[in-house]
Structure formats: structure tokens, C-alpha cells
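For reference, the chains in residue letters:
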Number of protein chains: 2
Amino acid sequence: MGYDGCAIQFTFEDGGERLVHVSPGESLLEAAKKANVAIDAPCSGNGSCGKCRVRLLSGELRSEANRHIDADAYAAGLRLACASFAAGDAVVLVPDIASAYKSKIKTADLRGGREAEVFAAFRRDLTERGLAGDSGVEIVSVALPPPSPDDPAADRERLLISLAAALGFAPGEDRIDISLYALRKLPRALRAFDFSARCVLRREKRGGGERAVLLDIFPANEEPPLAGLAIDIGTTTVSALLADLRTGAPIAEGSAGNGQIRYGADVINRIIESARPGGSERLRRALLDECILPLTAGMCEACDLPQDNIYRVAVTANTTMLHLFAGVCADYLRLEPYVPAFFGAGVLRGADLGLGAHPDAEVVFAPCVGSYVGGDITAGAFSSGIYRSEAQALLLDLGTNGELVFGNADFLMCCACSAGPAFEGGDISCGMRATDGAIESCRIDAESTETDCTVIGPRGARAAGFCGTGLIDLIGELFRCGIINARGKIVRAGRRVYRDEAGVAGYITVFADESESGRDISISEIDIDNFIRAKGAIFSAIRTMLAIAGADAADIASVYIAGGIGSGIDTERAVRVGMLPDLSAERFRYVGNTSLAGAYAMLTSRAACEEIARIAEGMIYLELSSHPGYMDEFIAACFLPHTDATLFGEARR
Amino acid sequence: MGYDGCAIQFTFEDGGERLVHVSPGESLLEAAKKANVAIDAPCSGNGSCGKCRVRLLSGELRSEANRHIDADAYAAGLRLACASFAAGDAVVLVPDIASAYKSKIKTADLRGGREAEVFAAFRRDLTERGLAGDSGVEIVSVALPPPSPDDPAADRERLLISLAAALGFAPGEDRIDISLYALRKLPRALRAFDFSARCVLRREKRGGGERAVLLDIFPANEEPPLAGLAIDIGTTTVSALLADLRTGAPIAEGSAGNGQIRYGADVINRIIESARPGGSERLRRALLDECILPLTAGMCEACDLPQDNIYRVAVTANTTMLHLFAGVCADYLRLEPYVPAFFGAGVLRGADLGLGAHPDAEVVFAPCVGSYVGGDITAGAFSSGIYRSEAQALLLDLGTNGELVFGNADFLMCCACSAGPAFEGGDISCGMRATDGAIESCRIDAESTETDCTVIGPRGARAAGFCGTGLIDLIGELFRCGIINARGKIVRAGRRVYRDEAGVAGYITVFADESESGRDISISEIDIDNFIRAKGAIFSAIRTMLAIAGADAADIASVYIAGGIGSGIDTERAVRVGMLPDLSAERFRYVGNTSLAGAYAMLTSRAACEEIARIAEGMIYLELSSHPGYMDEFIAACFLPHTDATLFGEARR
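Residues numbered from 1 in each chain as written. Chains lettered and ligands numbered in written order. Predicted model: local features only at pLDDT ≥ 70, side-chain atom pairs only at ≥ 80, totals over all residues. Heavy atoms only, no water.

### Examining the side chain of Arg211 of chain B
Its location among the elements puts Arg211 of chain B in strand 10 (residues 209-219). Within the structure, the side chain of Arg211 of chain B is placed 2.9 Å from the backbone oxygen of Asp174 of chain B, a separation counted as a polar contact. (Helix = DSSP H or I, 4+ residues; strand = E, 2+ residues; numbered from the N terminus. Polar contact = N/O pair within 3.5 Å; in protein donor to acceptor, adjacent residues only side chain to side chain.)

Below, the structure is given as C-alpha cells:
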């Protein structure tokens, strides 16, 4: 029988459905990607994380029970999408992935003093340093002589004369461009208020002298909003801020999950996907359509701002995200010698990138330093202030990956370590982002081995998984209580300890009857191993940089911790597990999203853009993977806390 | 009964159909516009031209027989769309309007010597004057040092260094932009041929010094085509040319009907339509989607050129067409003091205008001089050579409207006259464009009043109507033979003369049994009156300009006739009817589409752009409608040949 395709129907919990035709043998995860169906798959389908569970409702799939799906679960129709293969037509129920990564968009109006304190302080600082309120976007008022039969010059030519005079350009110098957007509005805007108008201009000063672009025009009796958009594109989460370009005040904020998550939790899998036919455009659209565009629309709605009044955009992100956002080939980021397509992206416009902003809004990207140290880090080096610190300091950006900057006003060194997404919940079977339902801290009673957790969310919220800080706490406690040994193996028995058919042991933190999902929330030795490798990557990166600089951990006056790991990090526990160097607690400071703060600075200040460009130019980029000695450091760090226990004397007191 | 809408179904001869709901009382022509159905309506629905015939197939319409639809035709279901009003549901057959205005797209590959002679001469002329081959688009070869672990700079930054050196810019001067389009191709293009590449650049020299934009990049072993697009947007017809920007050689040509025709044959009705809600976008899309985009695609296909390789575009058109093409508010063109939104449009890009070209292709518009003298005329003043003629010369551009330029190298004066679309077949009941089936010339036997016609098209082609030159011939002959008098009234009887119920007489040129449509091809006194007003407008405009310049008709050394009226104009007959001044035949020259020739010059030469800008700046614009004395001249010219018969002594010999 000429049977050459399987119809897979994905059904959602809200009743929606999507149909796709695939070849026999294709995995369900592949089918889901083709159909643009979001399935949580942080390990990108290698079977390790166990998160891509779906339920087979009818039809057939080639699939077996495995360590993530036991016989009961299998009998109930549960399957791992990455380990199930098309064998005929099938109908599959896809769970709501809100608990982990769903592109849930949150926006808030920030006017009326609800601005985050960290931003207010940062703004004061920028103002004191003369870096605020210089976005290059400004309003200029003009009053033109109205046309008459004796003076029938066209509107554009009439305006150019007045505008050149207002800007101090000599007549006929050709230093002003009028955007098509403004040209289209010009005739009615001029006639609405007797040829008096307000012009929204962008000043430009580039090689070749000063110029101006007319972006928009309003009758003189209107007070147009002058807004800008700062975006931080994280691999997992996108954060954004709308600011008033006149005052620099934030007016709305928002965040959303990065819609590319279905193509893999980490940048490598996204790059691989982007190299497939149509992949680059697919990833670009997933980010835009499911995240940046609705996020922008939501923020604009929250503060009643027309999107066309966004006249400037600043974007920070890691190198891969910047490439994928711009639709630029990212293949060579992951191939030796790891060369990006661009460090700085030059002159880009809102319409080129498909943004919900003025089509001629200038879009500035924070400059990258290497394939794995991007604009998020150069922006963070700026906003953390490390680049002008006298004492040596360390910036740790712990998001989906880990990036580090070490130095002071005299030198800056940076590197990326493959910490993986463990601190944002990826690659950990019960891991999740630091949102409602996440266990953010826990304590274990050394005697009873019983546990007590704090869960993010309203009082009485049930636990759904661990976020990064909860994971650090839990593993620190398991180690302190002797439940796991220095290699992360479970060495004590108890009612919370289990061992599966494959012999892998684990510790149940929350039993099924108390969890949100009705499944045990547990951590297995595989998860612990993933965590140890992640913390080992960070610690060994710190050690390697210190060694190159000829410095010692004690020389680090301040450690700034930034990124998605969350504000609740217990640095003492993090030291205890050997993730952070053994320094006293007051040297650590959680500084939030330094990347978004840097984007905000770039949005509101061209001087900040220049400063960040200088930072990027002067930063020494260290390629850890090829650095001699790093591998030994890493292996030595893959113990709790470390093979060299003398490094952690203070914390083990 | 709550009946509040009529469903009108338009059925096409090819079987297609379109449904629209309208309110009772709305005209069928309005319904057709709403449904985007093309119905030929050059008089824009005032009932005078009789061209908007449709056939009522079923249902009801409120409509009556009239001078265009006699009782028999009415009984057969024929209706004028503009004079039929919705009264219930109806099904209506819409005729194929190919015979008059259909957006029939013709393209041809010009490579291999099939270039039009007029262009070859014009090109030689440009070359001799040093104006050719300077489009600003050029190819520069670069060889970059390949990246290595010791030199991991990003592709963009690596390229900028080599490119700055190749262009003679100092390093770090920031004089080169890389378009997002090129950035997206950069990584693969560099790696395809060992980091040797060919860069397509645009050089720019504007206020503030020299700059360059990287538009495209190819591996060094590829020879990319470097093409440009010249477009002349006529109110009725759009003509275009693809040229090789390296050599300046035309490589393809094409023409198509302007898709806006359904919104009216003349610019005034289009402006009115554009001011309605959504009208500006509707007119812009009609021009783009039905005409410019398929025309570009067809030409590119004819010569195997990817559209992205069109790196520069030059556009000539009248002021209204330029505004509508750019989507710029055109309302004030038709309101005193008749001020356009722009004379020059500044810096525009292919993507902004929605063209099928490289998104960053620079689009240059020929500059306008007034609301009714546009870029088609400034371009024509350049390409006709009148602007550098020693002797005084006259340029007549007779398309859908009439524009005139008079002067020489020392001064140029221009004006528009409301000649209407008579010379392109509009406003004449059996009028049509100069395409297959058009009567282009005719002779009448003075004794028998019988006629002998020449029809455009293959041998034996049946006549479908009159084009401009045929109309001039016919009326000249009717007058010569005494069939009509100086006022255009029919004063002789004969088998070809008829008189309708309303008492309006006419002359049948081709009887129904010999015509293509099976209807008589005739000219009525109303048509003759329209023609007399058109020719009177032209002649009185010439007289007015001569008077202002203190010149006499005899001072005109050359009369260049351009535009859609066609190459077949019999200037002797045109003098006989009083349309052209009484000069000997050798002073007249048909110069074809001077607007497209000017667009071609602007495409291939930045120096030509500057020259045309200078021409526009120096041109004196005469607003005829408010010029004292013009109305008297016009009234005096509305006779055959003129009330002052001494002006036409020579022709009447």
C-alpha cells in the first residue's frame, strides 16, 4: 500500500489543535517544531531532561517506556516527544508549558513612581556622570511662511529651509533627510495649525559631519510623546522597558518567554535549527511574533502610547540572540575559530528588523566581544560599573549560560563558561524558571533528612519545581547533611530517597500529593551531576581568569551577580557547594538584569553607547575551551565543594 | 422588512467573479471600486463618456436607457455602471477592458542589439557629454585575512577594515554602512571563496562628505549582475526599462496599464479617491500590485535577473503620480494655491516604497516644478535637449494631460493645460490608447464622404476605436471636407452621418459589421467638442507662453512632441485643426517617451540627476488657470482652426 506519510494532530489543553504531515520515523519533537507547536525540550531531544512529555490520545507512535516514563505512565499514554516516532496517524495532547517556559507576557505601567529602585539609582548615577538625556532624538518647533500663489514652493522644500535654520545648518547644505513616514504626514500636519509644527528629529554625528533625520511631524498645538524601547533578549526570557526620551524616565516594563525555546533551551541547538532550510526566518519570527511584538504592544497599551512614537530602540543580548534577532547567519558562532558575523551591527532601522516601532527608529545593538560574550555582557560591564571600579571586581551573569567579567578601570577580561541552563531550570528534571511555583530556597534537617521549602507565589502556593537558587540551596543542604557525598552520589537512606530501575538514586523534596502537578518533585543523581558540572564550569572559569591576571580570590573586592538566577541567591550556600569563591557575604551583591540596565543606558544616552563601545574594544576575550589548564581546573571543580578543600576553609567552618 | 444591503456579484468574461455588499442607491461604478473591479470609466462617472458599459445578467438595478444605451441595448441588459444604482441583489457581467486600458503587461529582453534606436542615440549623446556610467553603484573586490584563533575578529569588522582601505577612507572613520541585507549574506559569502569577495557598493556624496553603503556581497568567483530600474509612471500607462549599471546598456523593457485607472482617467479623480478613507493606500497598491510589481517581475524574468540585483531605481511621473506612488497625501495639489507635498523626494529606499528590488536600492524621483508640472516634464526637458538648445524650442508632452516647456539654454518656462485624456482615448466615446485595434490615421473622400482608415495591429486587424492621432486625422478630414463646421457641428448629410433621439449628430467611421466589437465606431458632436477643447487648451497655452516671452510662433525653431499620443501624429493635420502652431513640417519632431528617457539618464548617471535638479530649479512655472488673458486665448482657440484664421494661413493653403 502506497503509504508515505503520517498525519500527526497536536491537541492543546485549551481545545485548539494543529495538524502536520511527517514521514514515518520522524520524532514527535521534530513534528512539533514543523507545526510550530511549543513543547518544552531544554535538552533539545537527547532524552536526558525528560521534560517533553505528551499524551498519546489515539493512533500509533513507536515509543517505549524509559527512565522518565515508567510502565504506569506509559500505560496512561504518556510519552517523551523526543523518544516517540511517527508510525502512522496519531493524535497527541500537548501540555500547557506555562509552568516552565510559556511565553507569558507581563507588562506594567511604570508612571507615577512605581519605577524599580535599582533603576532609579542607576538613573541618578547616569545623570551625575552627564550620560543621561542624550538619545539624539529631539523636538524642534518651526513656523513656516504659509504658501500663496506668489510663493507656491512645495511643503517639503519649505520645511527644509526653516528646519535648516532652526538646526544651524547653512541653507542648501543637504544635511537633513525627511523620512517617508514624515513626508506622508507632512501636508496635513502643516495645515492643521497654520504651518506651525513640531518636528521629531534624530541628530546624527558620524564620519562626515552632523546630519539630522526628520522622523515625525505634529501640529504645533500637539505635544507628541517621545518614547524609546530597551530590550534585553535572553535565551530564555526577554525583558523590555519603555522610556520617555525627554526625561529618561521609564514608563512601562515587561517580560516574556523567548518563543525560540521550542527549538532548544541553549544557543547551540538554536544555531543548528537556524541553519536548516528556513530556520533563520523561523527563529526570527518566533522571537518577534510570540514575544517582542506582543510585548511591545502590551507595554504601549499599558501606558497609552502609539507604537509609532517609539523613535529609538536599544537591544542587548548574547551574540547568538543578536544574530538570530537580526536574521543574520549564526552558523560560524559554533564552528572554530568561533567568529561572529558582527561585533557591532551598525545602522539598523525599526522596519528592517520588523519591530513595532517607528519604521525609521534607529536600532542600536550593544557590541559583542566574541561568539559567547555578547552585548549583554558589554552592557553589563557598563551598568554594573565594574569598568570604572578602582578595586578588582568580578561580574557573573548567570542566565541560560554563564558569562564572567573580571577586572577594574585598568583592564577587563571576559569569558563564557558552558554552565548550561541549570540555573534557569533547564537540564534539571524538575527545574523551572524563577516564577510562581518555583522552590527558591530550602532547608534540610540533618537528623530527619526532612525538608522545608519556600515557594515563589501567593501564600500557600504549591511547588512545581526548582529554580536556580532553590537548586543551589537544596544541593548545599543535601551535602551539608551528608545525604550526598562530594561526588554528588546519594549515600544516606530515608523516606525521601528512592532508586529507580536503572539504579539511579534521587531525593524527593515535595511528594506528589503536595505538589502542583501531582508528581513528586525530586532531584536525581543525574540532575545533581548536571548541577555540579554547571557550578564547576563557573568556579573553574573564575580560577582561570584569576590565574591569568596573577590575582587571588582574596583580591576580588566585589562580586556582582546578575542574570536570571534571581535575587534570592544564598551566596553562603553557593560558596558551600563550591560555585562561588570563598569570600565573606558582604562582598557579594545581586545586581539584577545588568543587560537591560545597559540597554536602557544606550537608549537614553549616546554617550553611554560610546562608552560601551570603548569597553567592548578594550575587553580581553578569553576562549576558555582552548585555554591550556582550563580543563584541569574544571575537572578539579567537579566535586563538592572542590577537590582542593583548602579553597573553601571559610565556608566550611 | 429589514433589508439594508444589496449583494452585487461581478462576473468576468473569463468566469471569475467577485461579490460586494453595497447600500441601495449606490452606483454600480462605486460598487466596482469597492470590490476592486476594473471598469473603464475615463469620465469618472459623470455619464459623458459612455464607456462603463456592463451587462445585467440577473437581479435588479435602478437604471434607464440613455444616449449611450439605446432601447435595444437596454433590452439586451446593457447598462452604464455610473448610471445604474443598486436596488436589490444583482449579477453583472463586466467586459474585458483590454481594448482600452487593461493592465496588459508587455516585456521584452533587449540584450543582443534589440535596443530601441532612440535610446541608442540618447545613450551616445550622454556618453559624449560625460554623463553616462556614473550611477554611484559599483563593485569593489576585497581579499580579507581569514580569521584564526589568534585573530577572531567578526566578519563585519574584518570587512570594514579592508573596505575602508579599498575606498581610500581612513580607518575608523565610520564612513561605510553595511545594509542588513548584506550583513545577512556576509558570513557565507566570505567563506565561499576563501575570504575574497566582491562588494556591491553605493557611493554617496551629500552634505557632510563622502560615504559608502555596502548593498550586497558575493564570493570573488561570482560575477553578479548590477542592474537598475527606470520607471515612467504615466496616468494611463507605465513604462519601464532595466539597465546594466556597469555599461548603461538597456537589458529589458516593459509597459503596462496603470492599475489606478478604475479610480478615474485623470489625476483629479484619483486625488479625490485618494482622500477617501484608505484611498491613498488603495491607489498605491493598485499601481504597485497590478502594474509595477508584475512589470518588474516580467522584465527580470525576460532577462534572467534576480530582482534583488536591482540596486538603483529612477522614477519619473507627473506630480500626482509621484505623490500617489509614494503614498504621500496629494489633496493639496488640487486646492489653491496648488502646493505639492514635495518637489524632490529626497532619500527613498526600495523597501520603503514596496518595490521589487534590493531593499536598500536608492530610489530617485525626478523633481517636480508645480502641482501640474512634474518630474516627467523636468526629465523630458533634459532628455529632449531643449534646456541646452541655442534656438528657442517647444516641448509638448501629450499624454493623459498636456504639459509644455518653452525656451532654450537661457530660460525655460513651463505650464500644464487641461487638455484632458482625449489624446489617449479618454473622454471620447470610441477613444482608446494607441494599441492594437486603434485607428491611427484616416482619410475622407470630400465628395463621397466615405472614409479609409489605418488600424494598428496585424494585417486585417479590425478597428476597435480611435487613438489620439486617428482622432486628429479624422477631425482634420471632417473639417477639410466640410462635414463639420468651425464650431464642430455636423453640417453635411450622408450615409455615415446620424442623429440620435437627443438631436446630437455624429459620423460613423466604421460600421458595426466591420468593427471588432460589432458596434459602430463613430464620433459624435460631443466627442468633437471635447476634442476642440483639448486642442484649444494646447494651442492657447502655447500662445500664452509665447506672449509672455515676447516671442512669435515663427521664433520656435523646433517643436518636440512627446508622450502617449504616439509616433504617428500627422503634424500637418494637427496644424489644420488648430492644435499646433502653423509651422512647416520639418520643425516638428516626435521624440517618444522623453520622461522614460530622462528616468534612464537619472538611473545611469548621478550627473544627469544633478543636471535635472538644476533644470527644475531654474524653470519658470506658469499657473495658466490664474494667468490673465489665458481664458480669452482658450475661448478664441475653441474653433477649427481658430477664431483668428490668419494664424493658420500656411496650413490652409
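### Notes on the interface of chain A and chain B
Contacts between the two partners involve 46 residues from chain A, matched on the other side by 46 residues from chain B. Taken together, both faces of the contact between chain A and chain B bury some 4000 Å²; the carbon and sulfur share is 55%. Taken together, chain A and chain B are joined by 4 salt bridges. Linking chain A with chain B are 16 residue pairs in polar contact (both at pLDDT 80 or more). Counting residues per element, the ones that place at least two in the side of chain A that touches chain B are helix 4 (155-167), helix 5 (180-192), strand 10 (209-219), strand 15 (348-349) and helix 9 (350-353) of chain A. It is helix 5 of chain A that provides the largest number of residues to the side of chain A that touches chain B, a total of 7 residues. Among the residues forming the side of chain A that touches chain B, the class breakdown is 23 nonpolar, 7 polar and 16 charged. (Contact = heavy atoms within 4.5 Å. Buried area = accessible area lost by both parts, 1.4 Å probe. Salt bridge = Lys/Arg side-chain N within 4 Å of Asp/Glu carboxyl O. Nonpolar A, V, L, I, M, F, W, Y, C, P; charged D, E, K, R; others polar.)

### Here we look at the domain arrangement of chain A
Residues and elements named next belong to chain A. Assigned domains within chain A: domain 1 (6-99), domain 2 (133-219), domain 3 (227-365), domain 4 (385-421 + 532-644) and domain 5 (424-530). Taking only C-alpha atoms into account, the centre of domain 4 sits 27 Å from that of domain 5. With 20 residues of domain 4 at the interface, the matching set in domain 5 holds 23 residues. Surface buried jointly by domain 4 and domain 5 totals about 1800 Å² across both partners, of which 58% is contributed by carbon and sulfur atoms. Three residues, Pro421, Arg573 and Leu640, lead the burial of domain 4 against domain 5; their summed loss comes to 35% of the area buried on that side. (Domains from an automatic or database assignment.)

### Focus on the relation of the copies chain A and chain B
With an axial shift of 0.1 Å and an RMSD of 0.1 Å, the rotation relating chain A to chain B amounts to 180°. Put plainly, the chains are arranged around a two-fold axis. A share of 100% of the interface residues of chain A reappears at the interface of chain B, consistent with the copies meeting face to face through the same patch. (Least-squares fit on C-alpha atoms with pLDDT ≥ 70 in both.)

### A look at the pattern of salt bridges
Under the definition given, this model contains 68 salt bridges over all chains. A salt bridge links Asp125 of chain B to Arg129 of chain B, with the nearest nitrogen and oxygen atoms 3.2 Å apart. By relative accessible area, which is 23% here, Arg129 of chain B ends up partly exposed. With its nearest N and O atoms 3.0 Å apart, the salt bridge here joins Arg573 of chain B to Glu477 of chain B. Here the residue Arg573 of chain B occupies a position in helix 13 (residues 571-576), and Glu477 of chain B occupies one in helix 11 (residues 468-480), the gap between them amounting to 96 residues. Each member of the pair, Arg573 of chain B as well as Glu477 of chain B, carries the same accessibility label: buried. Bridged by salt links that share partners, the residues Arg443, Asp473, Glu477, Arg480, Asp570, Arg573 and Arg576 of chain A form one connected network. (Buried < 20%, exposed > 50% of the residue type's maximum accessible area, 1.4 Å probe, protein only.)

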